[in-house]
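A look at the structure
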Amino acid sequence: MTSIRPARSDDADAVLRLFDDAIAWFVTIGNTGQRGTQPFSERPEQVTRVQGWVAEPGAWIAEHPQAGVVGFLALGEATDYVPAATGPELYVRVLIGSRDPRAAGTGRRLLEFAHDEARAAGVGTLRVDCYAGGTGDLVRFYESCGYTRTDTFTVGAWPGQVLEWPVEAVGGAGR
């Protein structure tokens, strides 16, 4: 069973491997628009970015007893390139999961964990943004987890979609 724990600075290499593996997989399926073709571990700006993410409050690691680190989640404030929230929110800043078959369901589990964190914080909305290009599979994944589409945006040529998931108060109706 995969467990979720706070991230630590020494998790940066494992999180970089998650991104490297995802990029390698994207390349094999022809999805080079999402993260490019060069591994994060070979891009100094991405290494620095990941090192910062794992050190922030709100950073979480999903760990499998045999597979090790199989997911990463960073929660916090919205990124500056998306429209501002209309009320209190928690934002999924980063979500990545392993392609290892033992990690199946890790992304959903981390999103449910994020929803629980938002509920505990007493905010009304959990938001996320993602790549909206390619086949649209990533947007549909978030929708299958309970999110609905809100705003679209672009960063350079990168198309993005903001999605939100209402959060009920502690003790409210279940998902």
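One can find the structure itself at the top, above this paragraph.
Quantities reported herein were computed from a predicted structural model and do not represent experimental measurements. (Residues numbered from 1 in each chain as written. Predicted model: local features only at pLDDT ≥ 70, side-chain atom pairs only at ≥ 80, totals over all residues. Heavy atoms only, no water.)

Here 7 strands make up an open sheet; going across it, the order is 1-2-3-4-5-7-6 and the pairing mixed. The open sheet is flanked by strand 1 (3-6) and strand 6 (148-155), the only strands paired with a single partner. The sheet shows a mean angle of 30° between the axes of neighbouring strands, taken without regard to direction. In this sheet, strand 7 (residues 158-166) lies alongside strand 5 (residues 125-131) in antiparallel orientation, the contact comprising 7 bridges. (Pairing = 2+ DSSP bridges. Helix = DSSP H or I, 4+ residues; strand = E, 2+ residues; numbered from the N terminus. Axes fitted to C-alpha atoms, helices over the stretch in contact; angles between N-to-C directions.)

Throughout the structure, instances matching the rule amount to 10 salt bridges. With a shortest N-O distance of 2.9 Å, R5 and E63 are connected by a salt bridge. One end of the pair, R5, is in strand 1; the other, E63, is in strand 2 (residues 59-64), and 58 residues separate them in sequence. (Salt bridge = Lys/Arg side-chain N within 4 Å of Asp/Glu carboxyl O.)

Our next topic: the environment of E89. Among the structural elements, E89 can be located in strand 4 (residues 89-97). Counting along the chain gives 32 residues from E89 to A121, while the straight-line C-alpha distance between them is 9.0 Å. The residues contacting E89, other than those within four sequence positions of it, are A78, V123, T125 and R127. Side-chain polar atoms of E89 contact the side chain of R127, separated by 2.4 Å. (Contact = heavy atoms within 4.5 Å. Polar contact = N/O pair within 3.5 Å; in protein donor to acceptor, adjacent residues only side chain to side chain.)

In contact at an axis separation of 9 Å, helix 1 (residues 12-28) and helix 2 (residues 44-55) are set at 125° when each is read in the N-to-C sense. With respect to helix 2, the axis of helix 1 lies oblique. Judged by the sense of rotation from one axis to the other, the crossing of helix 1 with helix 2 is right-handed. Where helix 1 approaches helix 2, its residues A12, V15, L16 and F19 are matched on the opposing element by Q46, V47, V50, Q51, W53 and V54. Looking at side-chain class alone, the contact of helix 1 with helix 2 contains 8 nonpolar, 2 polar and no charged residues. (Parallel < 35°, antiparallel > 145°, perpendicular 65-115°, else oblique. Left-handed = near helix turned anticlockwise from the far one by under 90°. Nonpolar A, V, L, I, M, F, W, Y, C, P; charged D, E, K, R; others polar.)

Attention now moves to the packing of aromatic side chains. By the definition in use, this model includes 10 aromatic pairs. Measuring from centroid to centroid gives 5.9 Å for F19 and W53, while their planes differ by 35°, and the two rings are tilted. Here F19 is found in helix 1, whereas its partner W53 is found in helix 2, with 34 residues between them in sequence. An identical accessibility class is assigned to F19 and W53; each is buried. Measuring from ring centre to ring centre gives 6.1 Å for F153 and W158, while their planes differ by 40°; the resulting arrangement is tilted. With relative accessibility at 10%, the residue F153 sits in the buried group. (Phe/Tyr/Trp six-rings, centres within 6.5 Å; stacked < 30°, edge-to-face > 60°. Buried < 20%, exposed > 50% of the residue type's maximum accessible area, 1.4 Å probe, protein only.)

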